[in-house]
Amino acid sequence: MLKIILCDDDSFTLSMFSDLLGKAIDRLKLPAKLVCRASTAQELLHFITANPDTYLFFLDLDMGLASLNGLDIGQLIPEKTPDSKIVYVTSHIERTLDILK
């Protein structure tokens, strides 16, 4: 079973994304499950430290005023869950290139 983790600092986006993802999993009968919705890097890191496994992560590139953005979090994930995969997402297209620099 594919275990999925979402991390976004915007509660509306996190809720909407998890609802849409849950509906897609159900409708397509995918062997997948949303196991964690985190709104901060600390929340996400606490979860994967307490629950070591292989995950598919959807990380927000722009975590607002947080000290870590999605890329920073993505660099920490392989230390805890080396076989996991990461998908970076953002609703701030205009800031994407600045974040990636």
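Structural data are supplied above this passage.
Residues numbered from 1 in each chain as written. Predicted model: local features only at pLDDT ≥ 70, side-chain atom pairs only at ≥ 80, totals over all residues. Heavy atoms only, no water.

Q: I'm lost on the pattern of salt bridges in this one. Help?
A: A side chain with one charge may pair with a side chain of the opposite charge, provided their charged atoms come close. In this structure the tally under the stated criterion is one salt bridge. With a shortest N-O distance of 2.4 Å, D53 and K3 are connected by a salt bridge. Placement of the pair is D53 in the loop between α2 (41–50) and β3 (56–60) and K3 in strand β1 (residues 2–7), with a sequence separation of 50 residues. (Salt bridge = Lys/Arg side-chain N within 4 Å of Asp/Glu carboxyl O. Helix = DSSP H or I, 4+ residues; strand = E, 2+ residues; numbered from the N terminus.)

Q: Where do I start with helix α1 (residues 11–28) in this structure?
A: Each α-helix winds once per 3.6 residues, and so residues spaced three or four apart point in a common direction. Helix length check: α1, at 18 residues, gives a terminal C-alpha distance of 26 Å against a target of 26 Å (1.5 Å per residue), a fit within 8%. Buried within α1 we find L14, S18, L21 and I25. Looking down the long axis of α1, one finds its buried residues gathered within 70° of arc, a one-sided arrangement. Away from its buried face, by an angle of more than 90 degrees, α1 presents the exposed residues F12, L20, K23, D26 and R27. (Expected span 1.5 Å × (residues − 1). Buried < 20%, exposed > 50% of the residue type's maximum accessible area, 1.4 Å probe, protein only. Arc of directions from axis to C-beta.)

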